[in-house]
Amino acid sequence: MIYDEPRFTPGGDRFIEMELGDELNFDLNFLVHALTARVREADFDGIIELLPNMASIVISYDPDRIGYDDVVRKIGGIFASLGSLEDVELPSPLYTFPVLYFDHVTRACWEDYCARIVEKEYDPDLMVRLNKLESRAQLARIHSGTEYWVAALGFYPGLASLIALDPRCRLTAPKYNPPRTWTPKGTLGYGGSVTCLYPARTPGGYQIIGHSPVPVVDLEQRLRAFRDRLALLKPGDRVRFVPVGREEYDHVEAQVESGEYEHQVAAYAKFSIRAYHAWLETLDMSIRF
Amino acid sequence: MAITVIKGGLETTVQDYPGRKGAFGMGFPPSGPIDHWSFRLANVLVGNAPGAAALECAFIGPTLRFERDAVIALTGADMKATLDGDPVPLWQSIGARAGQTLALASAVTGARTYIAFAGGIDVPLFLDSRATFVIGACGGLDGVALKEGQTIPLGSADNAAPGRRLKEGTRPPAPAGGIWEIEVVAGPNDDWIDAAGQRRFLESDWKLSPKSNRVGFRLEGPEWTFTEKATNKAPENGEHPSNVIDHGYPIGAINLCGQTPIILMVDTLTLGGFINPYTVPTCAWWKLGQSRPNETYRFRQVSVAEAQAERRRIAALCTAASLAPEGPP
């Protein structure tokens, strides 16, 4: 449920967790990001960082400048003044990523896991089976058939947790047990009801179903999209995956390597939850892609 | 050229205090020293700002050759440091001449030694900090722990002198009876643990696991028991009682991963799907930084206000006011 009143609890001497509800729910996550945006705008002295997540926000503050009770009072005050969520519109750039589904890079990673850790079903086949799909082709069609919402950012620098905006494209996937010791940078993963692009070579637990040559993090800030930032995506941004063949994949990879690649983004786009709700009403939920 | 790394040690990193700020929301933890009390005093001894970039050396220290004269200070763990073979005292500033070699061995007491250099370490800023984040391969000296052949650039100093010492009572004390009493604040998710579980947490001895590092300090101890909030919840929270919908992680949080508590430290992952019943406040991190695997922790619950007061008390000690008046020549 979404709580009537947010719940604040301390995390030591300089963190506070603010819980807004206790379920995975798009409206709840939108509320989290709408509130985060308003708190950032207010720019309270002593409130340092906000970590918005699925249903909660962790706030860090400087206790030499602001007390626990004042943080709660100020952020609680903003929550109370939010008004109807239906009227909120947030900037929401839409990024497009070319993806080679069922690719050679993640297949090699899966083979390595099977050889060194434990045998497991090929990840796309596991997802086809558990989601009662007809084929890998349908898995790719469904996965690339929706826009995704950046619900949270972090765990590892620049890792965006993406949830499908078209409810007909929601899939589920179990996590690796034990986890992988490595995952290729650019891997497209799926765990629970969340999909992600791995920003770097890291351990991981999501099922791996494709690969994109387009980076979401660039610590050297080589590509143009990273000129003023290290991580591409922010909570409230949107993402779409476009299936490409090996030739196009190789072309993009070469462009990324030479530093010429230009990320595809509709930077002007906004997201209105009223329009989203109205769109949901028009969907024929019996259709599967 | 300033200092050449002859041997890197087990994990020697450039850190500053309080590390990176403003990038936690992107997934970058702050990094910085774990024992920030000893770290800041090392800087104070060589005339630096308390948070200036210096080295954190874990368990086995580095061997370093000075390519120019420098004033340095070592604090924290005793790693039997020598300068060209002569013992180097802890907790005071000393002079090193170009060509001399500083060698640290294994820690005989404590776990982490801090080495500050007058003028600080002059590596490039990354997200407004010089702190190293090894797992993220960024910050510090090329984003890595020190390794043989690297050069550590130093800043220039105009306020340094050898022979500076600290006043009595300004240093972190040794643990009483070899047991670390660690302050904890209840929350954010203490209401997921039942009364018996809370009592067991606060009354039991906990052993620090050797599987601990700057990301997290793993603890071994009794079972946890849960309230209805943990056992009767929406399925998207996950199966185990310690699972919750992904949320942000405060640094210092005692993250309950199944039945294993892990104190999330300065290089932590920034979010995840496990509850945090208690949090170790910043005033107690120095104890984590100096404790050794298999040592015992006992947790003592304090209020937010008490934890903040202790943080201020320690911060006030980490200033030039803690320097002993200089005696006659």
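Look up: the structure comes first, before these words.
In what follows, the accompanying structure is described. (Residues numbered from 1 in each chain as written. Chains lettered and ligands numbered in written order. Predicted model: local features only at pLDDT ≥ 70, side-chain atom pairs only at ≥ 80, totals over all residues. Heavy atoms only, no water.)

Scanning chain B from N- to C-terminus turns up five helices and 19 strands. Its C-alpha atoms give chain B a radius of gyration of 20 Å, within 12% of the compact-globule value 20 Å for 329 residues. Viewed in the frame of its principal axes, chain B has a C-alpha envelope of about 70 × 40 × 30 Å. Here the analysis covers contacts within chain B between residues at least 6 apart in sequence; of these, 75% occur between residues at least 24 apart. (Helix = DSSP H or I, 4+ residues; strand = E, 2+ residues; numbered from the N terminus. Rg over C-alpha atoms; globule rule 2.2 N^0.38 Å. Contact = heavy atoms within 4.5 Å.)

The next thing to look at is the sheet that holds strand E4 (residues 56-61) of chain A. All names here are of chain A. Strand order in the open sheet made by the four strands is E1-E2-E4-E3, with antiparallel pairing throughout. Only two strands of the sheet have a single neighbouring strand rather than two, namely strand E1 (2-10) and strand E3 (47-52). Neighbour-to-neighbour, the strand axes of this sheet turn through a mean angle of 20 degrees, independent of strand direction. Bridge count between E1 and strand E2 (residues 15-21): five bridges; the pairing is antiparallel. (Pairing = 2+ DSSP bridges. Axes fitted to C-alpha atoms, helices over the stretch in contact; angles between N-to-C directions.)

All names here are of chain A. For the structure shown, the criterion picks out 31 salt bridges over all chains. Between Asp112 and Arg116 there is a salt bridge, with its nearest N and O atoms 3.0 Å apart. On the criterion of helical spacing, the pair formed by Asp112 and Arg116 is a turn pair, its members being four residues apart in helix H3 (residues 104-116). Arg116 gets classed as partly exposed once you look at its relative accessible area, which sits at 48%. (Salt bridge = Lys/Arg side-chain N within 4 Å of Asp/Glu carboxyl O. Buried < 20%, exposed > 50% of the residue type's maximum accessible area, 1.4 Å probe, protein only.)

In the segment running from A:Asn177 into A:Pro178, the intervening peptide bond is cis, with an omega of -5 degrees. A cis amide bond, omega 10 degrees, links B:Gly187 with the succeeding residue B:Pro188. Along the chain, B:Pro188 falls in the loop between strand E12 (179-186) and helix H2 (195-203). Of note, A:Asp43 is a non-glycine position whose phi angle comes to about 50 degrees, a positive value. Tracing the chain through its elements places A:Asp43 in the loop between helix H1 (26-42) and E3. Residue B:Trp91 is not a glycine yet carries a positive backbone phi of 65 degrees. Position of B:Trp91 among the secondary structure elements: in the loop between strand E7 (86-87) and strand E8 (93-96).

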